[in-house]
Amino acid sequence: MVHVDSHAQKDGILVDFHGRPVDKSRTGGWMAAGLILGTELSERVCVMGISMNLVTYLVGDLHLSSAKSANIVTNFMGTLNLLGLLGGFVADARLGRYKTVALSASITALGVILLTLATTLPSMRPPLCPNSRRQDCIPATGQQLMLLYTALYTIALGGGGIKSNVSGFGSDQFDTSNPKEEKAMVFFFNRFYFCISLGSLFAVTILVYIQDNVGRGWGYGISAGTMLIAVAVFLFGTMLYRFRMPQGSPLTVIWRVVYLAWKKRSLAHPPRDDMLNGYYNAKVPHTEKFRCLDKAAILEDKEMEKEKENESNGWIVSTVTQVEEVKMVIKLLPIWSTCILFWTVYSQMNTFSIEQATFMYRRIGSFEVPAGTFSVFLFFSILLFTSLNERVFVPLARKITHKPHGITCLQRIGIGLVFSVLGMVAAALVEKMRRERHLDDNIRVSAFWLVPQFFLVGAGEAFAYVGQLEFFIREAPERMKSMSTGLFLSTLSMGFFVSSLLVSLVDKATKGKWLKSNLNKGNLDNFYWLLAILGVLNFFVFIGFAVKHQYKMQQNYIVPSEDRLHNEADSSNNGHSDKTLPVLAPAEEP
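A. Molecular detail of the environment of G215. Positionally, G215 belongs in the loop between α7 (179-213) and α8 (216-236). You can call G215 buried: its relative accessible area is 18%. Put simply, G215 and T120 are 95 residues apart on the chain and 8.4 Å apart in space, counted from C-alpha to C-alpha.

Put into C-alpha cells, the structure is as follows:
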C-alpha cells in the first residue's frame with residue numbers, strides 16, 4: 001500500500017511508495033515505464049486474441065447464429081470500453097492509478113483463466129455437428145454459455161480498468177518540468193501505441209493460429225499465462241514507481257452541477273453575473289450558453305447566512321468555474337455522437353468480415369491461413385497510415401495551410417469517416433461477388449479479396465482514432481483531462497453497442513434472411529450497404545456540427561475587480577451595461 005501524507009495528497013504531487021517526494025534518480029523514468037507498458041502489451045494480447053477470433057468459435061463450436069455470435073463479440077467489446085469510464089472514476093476518486101491497474105490486471109488474468117476453462121471443458125460445449133452451418137445443429141444452452149459470459153465480462157471489467165489508467169500511470173513516471181524527461185515522455189506515447197500494435201499483431205497471427213490449429217485451451221491458456229506474468233512484473237516494480245494520489249473524479253463535479261441546477265431550477269437568475277458564486281476567482285470565463293446550469297452557482301437566501309461555509313461546499317453551491325467546465329463538456333457531445341458510427345463500422349472487422357473469410361479460399365500453398373488472421377491487414381493499414389500522417393500528410397498540410405498542426409482534429413475525424421464508408425462499399429461489393437460466384441459456379445473466392453475493406457477501415461482508424469483522441473483532450477476543460485480519455489472510450493463502447501442493436505433490428509426486420517449462419521444463403525452485402533448509407537448520412541451531420549463548433553478559447557482574460565464591476569454596473573442605467581467582461585483570445589485551430 002502506498003502511504004502518503006495529507007499535504008502531498010492535497011497538492012497532488014508525485015510521491016514514492018512511502019509517500020515522500022520522489023527521488024528522481026531512483027524512481028520513474030524508462031525502467032518504471034517499461035514495466036507498466038508490459039501490462040498494456042499483455043492486455044492487448046488477451047483482448048485482441050479473443051475479439052478477433054471469438055466469432056468463429058461461437059458459430060463453429062457452439063453452433064450459434066451469425067447474428068447472435070456477432071452481438072456477443074460486440075457487446076463484450078462495448079462493455080470493455082464502457083467500463084473504462086468506471087476504471088477512470090475509481091482511480092480518480094479513490095484508489096489511484098497504481099492500485100487500479102494492479103487490481104484490474106489481476107481481474108483480467110482471472111477472466112482469461114475462466115475463458116480457458118469455458119472453451120476446454122467438454123460439458124461447456126454442445127454435441128459435435130458434422131457441418132456447423134446446418135440449421136439442425138444443436139446450439140449451446142444457456143447453462144453452457146454461463147461460464148463463457150462470466151469469463152468475458154470478467155475480462156471486460158479488468159480490461160476497462162487497465163485501458164483507462166495504464167497510459168496515465170506511465171506518463172506519471174516522467175517529470176514534464178524537466179526538459180530531458182519531457183522529451184522522453186513523448187517517446188513513451190509512441191512506444192505505448194507501438195505496444196498496442198505489437199500485441200494486436202501477435203494476437204491475430206500467432207494466437208489465432210494456435211486457437212484454430214492446436215486448440216482454444218492452448219491459445220487462451222497462453223494469454224492467461226502472459227497476463228499472470230504481467231501482473232507479477234508490474235508488482236515487482238512497485239518501489240520504482242512515482243505515484244500521483246487521487247484528487248477526486250471530474251464525473252462527481254459534473255453530477256453535482258447538474259443536480260444543483262435541477263434542484264434550483266425555480267430560482268430566478270441574479271441581476272448581475274458577478275453575483276454567481278466564485279465569479280471573481282473563475283479560471284474559466286463565464287458564458288451565456290446553457291444558462292440553466294448557472295443556477296447551480298446561485299446561493300439561496302437561506303444559504304447566505306453561512307455564506308463562507310456554504311460557498312465552499314460543492315453539494316450546496318457550485319462555482320462559476322465548475323459550471324463553465326460542465327458547459328465545455330456539453331459542447332463536445334454533438335461531435336461525440338457523430339463519432340459513434342465509425343466504431344460501429346469498425347466492429348464489423350471483428351465479426352462479419354472474419355465470418356466472410358471462413359467461406360473463402362485461404363490457402364497459401366499447403367498452409368491455410370486462419371480466418372481471424374486476416375485482421376492483420378487492418379493493423380498493417382493503421383501503422384502505415386499513422387506513419388504517413390506524420391511523415392507525409394501533416395507536413396504537406398502545414399505547407400498548404402501554414403498552421404503548425406497541418407489539419408485540425410475535426411478534419412482528421414472527417415477523413416476517417418469517409419474511409420469507413422468506402423470500407424463498407426468495398427465489403428458489400430466483395431461479398432456480393434463472393435456469394436454469386438459460389439452460387440453460380442461453386443467457386444470459393446480467395447479470401448485476399450477482403451484486404452481492401454480491412455485496409456480502408458484501418459486507414460480510417462489511423463485518422464479517426466488520433467483525431468478523436470486529440471479533439472477530446474484539447475477541447476476538454478483543463479481540470480478534466482483524465483475524463484477526456486473516458487469520453488473517447490465511450491464512443492468506442494457506443495459504437496459496438498449500436499452494432500449489436502443494428503444487427504438485432506436487421507435480423508428481426510428481414511426475418512433472418514440477411515444475416516444467416518450460412519452466408520451463402522444470406523444477404524450480408526445488403527447489411528454492408530445499409531452501414532454505408534448510414535455512414536454517408538452521419539458524415540453530413542458531422543459536417544454540420546463541425547462547422548458550428550467553436551474551438552476552446554485560450555484563457556487569456558482579465559477578471560475585473562469587484563469594486564470596478566459594481567461601479568460600472570451602477571453607472572449603466574440606460575438599458576445597457578458597460579460592465580467590463582473578460583477579454584478572450586481565440587485559440588489557434590488545433
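B. How the structure looks around the packing of helix α12 (residues 320-347) against helix α15 (residues 409-441). Running from amino to carboxyl end, α12 crosses α15 at an angle of 35°, the nearest separation of the two axes being 10 Å. Taken as a pair, α12 and α15 cross one another with a handedness that is left-handed. Contact residues: I335, T338, C339, F342 and V345 in α12; L410, I413, G416, L417, S420 and M424 in α15. Among the residues forming the contact of α12 with α15, the class breakdown is 8 nonpolar, 3 polar and no charged.

C. Molecular detail of the confidence of the model for the chain. Here the chain averages 82 in pLDDT, while 86% of its residues score no lower than 70. In this model residues 3-11 is a low-confidence stretch, pLDDT under 50, and it forms 15 contacts with partners more than four residues away in sequence or in other chains. In the model, residues 554-590 has pLDDT below 50 throughout and makes 64 contacts with residues more than four positions away in sequence or in other chains.

D. Structural detail: the pattern of salt bridges. Counting across every chain of the model gives 11 salt bridges. Where R44 meets E43, a salt bridge forms, and the shortest distance between an N and an O atom there is 3.5 Å. Looking at E43, the relative accessible area reads 0%, which means it is buried. Between K432 and E436 there is a salt bridge, with the nearest N and O atoms lying 2.5 Å from each other. Linking K432 with E436, this pair stays in helix α15, spanning 4 residues, or about one helical turn. Looking at E436, the relative accessible area reads 34%, which means it is partly exposed.

E. Structural view of helix α14 (residues 376-401). Between its terminal C-alpha atoms α14 stretches 35 Å, which fits the 38 Å expected from 26 residues at 1.5 Å a residue. Along α14, the largest kink reaches about 50° and is centred on N389. Of the residues making up α14, those classed as buried are V376, L378, F379, S381, I382, F385, N389, V394 and A397. Taken from the residues just after α14, H402 is the one with a positive phi, measuring 60°.

F. Fine view of the nonpolar core. Grouped together as the largest cluster of nonpolar side chains are 125 residues, with contacts concentrated most on L58, Y241, Y346, L378, F379 and F527. With 16 residues, the next largest nonpolar core counts V253, L276, Y279 and A297 among its residues.

G. Seen up close, the state of the cysteines. Scanning the entire structure with this criterion turns up 1 disulfide. Between the sulfur atoms of C129 and its disulfide mate C137 the distance is 1.9 Å. In this structure, the disulfide formed by C129 and C137 twists by about -65° around the S-S bond and is classed as left-handed. Look at C137 and you get buried, because its relative accessible area is 8%. Free of any disulfide, C409 has its nearest neighbouring cysteine sulfur in C339, separated by 9.8 Å. Residue classification places C409 among the buried residues on the basis of a relative accessible area of 0%.

H. Unusual backbone geometry, seen in detail. Of note, the phi angle at H63 is positive, near 60°, even though the residue is not glycine. Take H63: it is sitting in the loop between α3 (54-60) and α4 (66-95). Since its relative accessible area comes to 9%, H63 is described here as buried. The phi dihedral of K511 falls on the positive side, at around 55°, and the residue is not glycine.

I. Representation of the environment of L530 within the structure. Tracing the chain through its elements places L530 in helix α18 (residues 524-548). Exposure remark for L530: the relative accessible area of 26% places this residue in the partly exposed category. Residues L530 and V425, 105 residues apart in the sequence, show an inter-C-alpha distance of 9.6 Å.

What counts, and at which threshold
Residues numbered from 1 in each chain as written. Predicted model: local features only at pLDDT ≥ 70, side-chain atom pairs only at ≥ 80, totals over all residues. Heavy atoms only, no water. Helix = DSSP H or I, 4+ residues; strand = E, 2+ residues; numbered from the N terminus. Buried < 20%, exposed > 50% of the residue type's maximum accessible area, 1.4 Å probe, protein only. Axes fitted to C-alpha atoms, helices over the stretch in contact; angles between N-to-C directions. Left-handed = near helix turned anticlockwise from the far one by under 90°. Contact = heavy atoms within 4.5 Å. Nonpolar A, V, L, I, M, F, W, Y, C, P; charged D, E, K, R; others polar. pLDDT = per-residue confidence, 0-100. Salt bridge = Lys/Arg side-chain N within 4 Å of Asp/Glu carboxyl O. Expected span 1.5 Å × (residues − 1). Bend = angle between axes of the 7 residues up to and from the residue. Core = buried A, V, L, I, M, F, W, Y, C linked by side-chain atoms within 4.5 Å. Disulfide = S-S within 2.5 Å.

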